[in-house]
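Close look at the chain arrangement
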Amino acid sequence: MSIATAQAHPNIAFIKYWGNRDDNLRLPVNGSISMNLDGLFTRTTVNFSASISTDSLLINSKSITGKGLDRVSYILDLVREMAKINEKAEVTSENNFPAGAGIASSAAAFAALALASSRAAGLTLSEAQLSVLARRGSGSASRSIPAGFVEWQMGQNEADSYAFSIAPVDHWNLVDCVAIVSSSHKKIGSTEGHAIAGTSPLQNARVTDAPRRIEICRNAILKKDFEAFANIIEHDSDMMHSVMMTSNPPLMYWQSATVEIFHQVREWRASGLPVGYTVDAGANVHVLCLGEYAKDVEKRLREIPGVSNVLVAGVGGGARLV
Ligand code: DP6
């Protein structure tokens, strides 16, 4: 086989990945936990062919060159090395996230690329090997390979830093209501952020404490204890942003509406609504709730000034061939 198509979902981290012990290999300084986001996906086709002379990349019908293509070729090189082939590849990718949705696409993109490219090269990799390969493209992509609720263990080395499911899709009906907060500021991407995480004096404390947070979060998910879950995801997100804000240069991703949502979410929870927030490297707020409250949460979020849209996603499956 020299052509294959795969599909993967983005994911939202509950315990965050921020900082690497090896930036090139994307070996993280701490483990992380996430859930895949159903409904949103990237679909990628890889075609290795002897008749083409360079790798090419088309995303949503737009030709990508430069750094974007280099990052894809880096994964293709790893695959060519494993499969002992040297054909160049045509990569065509589409994602269905609404434009400007502010959902990081690299996790779904590199998970789909790892699966499609390895299959197109004739390899049948295990889930763990696929997760390792996706990780080399984007750390969080390691978590978009397995289904449902996922943990990425930091591991000891290159081969054992991969992600696995801790609970299947139907384990717990959690819904992510993503409040899109408009931002005119140009953001510093995750890759640059990871590289400066160690400049914050708070990073050491965050990393040392990570096993405790992972344990609490994993248990909350396994026991479906929403109160414990909401408290730990907010705590972990606030800790990561404390590191970001105190890095050199400092990274301030929040907008005023971001903070307004934090206050509202905590008030709603205090009055009995099961909700909790978490924020990635941007201004958008992911508000997690139990499925039966999603409509109500979506409506409340839309009423907050500064919120331009709300995306709603349940728990998603793993990367798969199509
Ligand atoms: C804040 O996986 O996007 O979303 O490995 O450089 O591609 P690269 O970084 P990326 O970092 C994700 C950072 C985060 C937290 C998380 O998803 O765990």
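Residues numbered from 1 in each chain as written. Predicted model: local features only at pLDDT ≥ 70, side-chain atom pairs only at ≥ 80, totals over all residues. Heavy atoms only, no water.

Brief notes about the environment of Ile 59
Tracing the chain through its elements places Ile 59 in strand E7 (residues 56–59). When the C-alpha positions of Ile 59 and Asp 209 are compared, they lie 39 Å apart, and in sequence the two are 150 residues distant. Once you skip the residues sitting within four places of it in the chain, Ile 59 turns out to touch Ile 64, Ser 93 and Asn 95. (Helix = DSSP H or I, 4+ residues; strand = E, 2+ residues; numbered from the N terminus. Contact = heavy atoms within 4.5 Å.)

So, the domain arrangement of the protein chain
Each assigned domain of the protein chain is listed here: domain 1 (3–170) and domain 2 (174–313). Using only C-alpha atoms to locate each centre, domain 1 and domain 2 end up separated by 23 Å. Each partner contributes residues to the interface: domain 1 has 29 residues there, and domain 2 has 39 residues. Roughly 2,700 Å² is buried in total at the junction of domain 1 and domain 2, and carbon and sulfur atoms are behind 70% of that figure. Broken down residue by residue, the surface that domain 1 buries against domain 2 is led by Phe 14, Lys 16 and Trp 18, which jointly contribute 32%. (Domains from an automatic or database assignment. Buried area = accessible area lost by both parts, 1.4 Å probe.)

Overview of the sheet that holds E7
Read across the open sheet, the 6 strands follow the order E8-E7-E9-E6-E1-E16; overall the sheet is mixed. Each edge of the open sheet is held by one strand with a lone partner, namely strand E8 (62–64) and strand E16 (320–321). With 3 bridges joining them, E7 and E8 adopt antiparallel strand pairing. Directly across from Leu 57, in E8, lies its bridge partner Ile 64. Across the sheet, helix H1 (residues 67–83) touches strand E6 (42–49), E7, E8 and strand E9 (88–95), and the angle it forms with E9 is around 125°. (Pairing = 2+ DSSP bridges. Axes fitted to C-alpha atoms, helices over the stretch in contact; angles between N-to-C directions.)

Remarks on the packing of aromatic side chains
Throughout the structure, instances matching the rule amount to 8 aromatic pairs. The interplanar angle of 85° and the centroid separation of 4.9 Å between the aromatic rings of Trp 254 and Phe 262 together place this pair among those described as edge-to-face. An aromatic cluster of at least three residues, connected via ring pairs, comprises Phe 14, Trp 172, Phe 226 and Phe 229. A cation over an aromatic ring shows up here: Arg 300 above the ring of Trp 268, its NZ or CZ 5.3 Å from the ring centre. (Phe/Tyr/Trp six-rings, centres within 6.5 Å; stacked < 30°, edge-to-face > 60°. Lys NZ or Arg CZ within 6 Å of the ring centre and 35° of its normal.)

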